[in-house]
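# Chains, contacts and geometry: an overview
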Amino acid sequence: MTATANATAADAPEGLSALIETMLHAVWLVNAQSLSIVAANRAAGTLLGVPAADLLGKSVRELIATPEDLCFWDEVADAVANAAANSAANAAATPATHHIESHSLVRRFDGLTVPVTRRVSRIEPAAGGALYVVALHDRSEQVNVQRELEVAAAQLAATLESTADGILVTDLSGRIRNCNQRFAQMWGVPPELLLVRDDDALLDWMRRSVVDPAAYMRRLAALEEATMLRASDVLQLHSGQVIERVSLPQCSHGRPIGRVYSYRDITEKIEAGERIETLSTTDALTGLPNRRRLADRVKACLAEVQRGQLQRGSPHPGPAQFALMLLNLDGFKHINDTLGHAFGDSVLIEVATRLRSGLRQSDTVARLGSDEFVLLVNLADAGGAESSARRVLDALRQPFHLAGLSFTVTASIGIALVPGDGTTMDELMGRADAAMQEAKRAGRAGFRFHRSQARRSVAESRTRMQLDHAMRLALSQDRFRLHYQPQVDLASGRVLGAEALIRWSDPELGEVPPAEFIPVAEDSGFIIAIGDWVLHQAVTQAADWHARGLKLLVSVNVSALQFQQPGFVEGVALALRNARLPAPMLELELTESMLVHDAADALARLHALAELGVKLAIDDFGTGYSSLSYLKRLPVHRLKIDRSFVNGLPDDESDIGLVHAIINMGRAMHLQIIAEGVETEAQRRFLKKAGCDQFQGFLFARALDAEGFEARLKEPPQAKAPARKRLRPATVGGAGPAHPCLPAPPH
């Protein structure tokens, strides 16, 4: 030690230096007069980064680290002395031990500062002058922990405020410990309520904000009781908001200390879901239920009917419970085609309004699409369904007034009753549709109930699908074939031509009459492919006969769809060219109805065919629309008298008059006349006497394959089949309109 240090150390009372050395905290003994350190323990040296002996003789002012400490030691003596004076009465009994405690900083000898808790006490030992005992507790770790806590708290606060959810934190007793501004906004908490931090008032505000306070409080009590429960609830507020509440336990060291409530506003999500549900179950144009929503309601009604059957203890249908009515507007396509789809939409909206007005609130009006509507009439038997149908039809019959136009809309309705007419929606819809089609056929603007024939129509619909599939396979697998019915000159008895007629033998269906599959082909559009096949096959056969010296005119029926195809004329020309058949050896048979549809286009096509040299005939003449002014413009060379006029010859006066009129008109226009369906000798003689040129029918021969046809040609011209009654063999088809594959019932 230096001499100064030794002198200073000598000022320390005996035993105090040893005493402070036993203390864990840093301790100095400071002379009250000189404010110099007279003793220091090893912990003090460690705190300040020097050996304890180096502190002896140092003034405490040398260790000041803050400006506040400059005056501390000047004032500390007065403060401690005053405290000692206040207890002077005890001074004789015990030494003065009054103290001052504060937080401060001390400067280490390496220049760093250390936060400390400083406790300064004045003592007056029995021997020597007054001393200050300065005890220093290093707060570095505590300060670091506090800083970390402050950072964590700041981060937590920032996290709470950055989330889009409202957050509320409570302790185990339900007292509020924290919340963010989003929570206050979501619940509409007044600012003053947050400022006073009144937990009871805030919790009461939340209770009064929900639509069902009692249920809210019961759920809250259950959550507080089950401290580890995780839960999710949906709350409806008086403001109209829908809030999802997620509650999670808050734990520390594995033990619950509170609960965190997260609130999310799902109002828009709920509304969007409702909008999506509405769009998926509602017709966008009319606002009526669509097929999906209708199916749900029909399902519910059918379930109710089934429950009633179970209660009666009988599986058999009882009285009608409700009616399913399929409504289709009559001629709506014409409105769209002539006035536009926007006008048509306005009509549909008005129709929807009228349909709703014609039914009860408990009934359902749905739109399936286009101009089809479904009416679900609850608690209705046949009489109730009829009354509802009449009200709806009457409502539609009232004049419509739109865009300055006045017009009338009618509808056809098919009715199916539950449970008698079906136990599923598909069955009911199918039978109501069949009944509606019957109403259409009966003249429209009316209604029909489902009947047995309607039931058969449903089965026929399935059969048509199967038939359409089999028919397409038949064409690809070459199962169709052509037969030829001779066309005979009435004067000489010679065969002058043949009509090509299609036949189909299926390995599963057997021999399928044209009257069965041709209507299906026309509905599906497959008639175009079949017609093209018939044309090419017939032209090829005619070319073969022509090459072998048989000058036969081959007639081919043409369907309306086939005739309307843009490349039809070119297709005919190509078929003739490929087969090398002279055009005059081919005759195309067309019906009157085909020629009056889009008359200008039809006339242009006919003239184009005539320029090729192809012969043209009007088939089934007299059964369609006949305009003499239009007929004389057509480049046709032959008229075919329909078999329906030949059947009654020679006895039926009406048939006699019609046949004479057709023959006379044909003569006047320089057209050949051929009669089809001739079955008796009496019919043949009458036609010959009346001036008819040719005939075909069972009287001479039925339709034959190419080989049989050629064999028939080798027989003497006057030979003919014996007179017979009219025949309708099932293997060759029944009566029906003519087209490329379907003759009148073969004769």
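These numbers were taken from a predicted model, which means no experiment stands behind them. (Residues numbered from 1 in each chain as written. Predicted model: local features only at pLDDT ≥ 70, side-chain atom pairs only at ≥ 80, totals over all residues. Heavy atoms only, no water.)

### As for helix H9 (residues 213-225)
- Taking 1.5 Å per residue, 13 residues should reach 18 Å; H9 reaches 18 Å between its end C-alpha atoms and fits that length.
- Buried within H9 are the following residues: Tyr-216, Leu-220 and Leu-223. Buried residues in H9, looked at end-on, bunch into an arc of 60 degrees, giving them a common side. The exposed set on the far side of H9, more than 90 degrees from its buried face, consists of Arg-218 and Glu-225. (Helix = DSSP H or I, 4+ residues; strand = E, 2+ residues; numbered from the N terminus. Expected span 1.5 Å × (residues − 1). Buried < 20%, exposed > 50% of the residue type's maximum accessible area, 1.4 Å probe, protein only. Arc of directions from axis to C-beta.)

### Some thoughts on the pairing of strand S8 (residues 231-236)
- The alternating pattern of S8 places Ala-231, Asp-233 and Leu-235 on a buried face and Ser-232, Val-234 and Gln-236 on a face that is not buried.
- Relative to strand S9 (residues 242-252), S8 runs antiparallel, the two sharing six bridges. Within S9, the residue paired with Ala-231 across the bridge is Ser-247. (Pairing = 2+ DSSP bridges.)

### A closer look at the confidence of the model for the protein chain
- When the pLDDT values of the protein chain are averaged, the result is 82; 85% of them are 70 or greater.
- Counting contacts from residues 1-10, a segment whose pLDDT is below 50, to residues more than four positions away or on other chains yields nine contacts.
- Counting interchain partners and residues more than four positions distant, the pLDDT-below-50 stretch residues 719-747 has 94 contacts. (pLDDT = per-residue confidence, 0-100. Contact = heavy atoms within 4.5 Å.)

### A short note on the sheet that holds strand S12 (residues 364-369)
- Ordered by their spatial adjacency, five strands build an open sheet running S12-S13-S11-S16-S17, and the pairing between neighbours is mixed. Bordering the open sheet on either side are S12 and strand S17 (447-449), each of which pairs with just one other strand. Between one strand axis and the next, the sheet turns by 20 degrees as a mean value, whatever way the strands run.
- Both strand S16 (residues 411-418) and S17 contribute to a ladder of three bridges, which runs parallel. Bridge pairing in S17 places Ile-415 opposite Phe-449.
- Lying over the sheet, helix H13 (residues 341-357) contacts strand S11 (322-329), S12 and strand S13 (372-378), oriented at roughly 10 degrees with respect to S13.
- Strands S11, S12, S13, S16 and S17 of the sheet are contacted by helix H15 (residues 425-441), whose axis makes an angle of about 145 degrees with S16. (Axes fitted to C-alpha atoms, helices over the stretch in contact; angles between N-to-C directions.)

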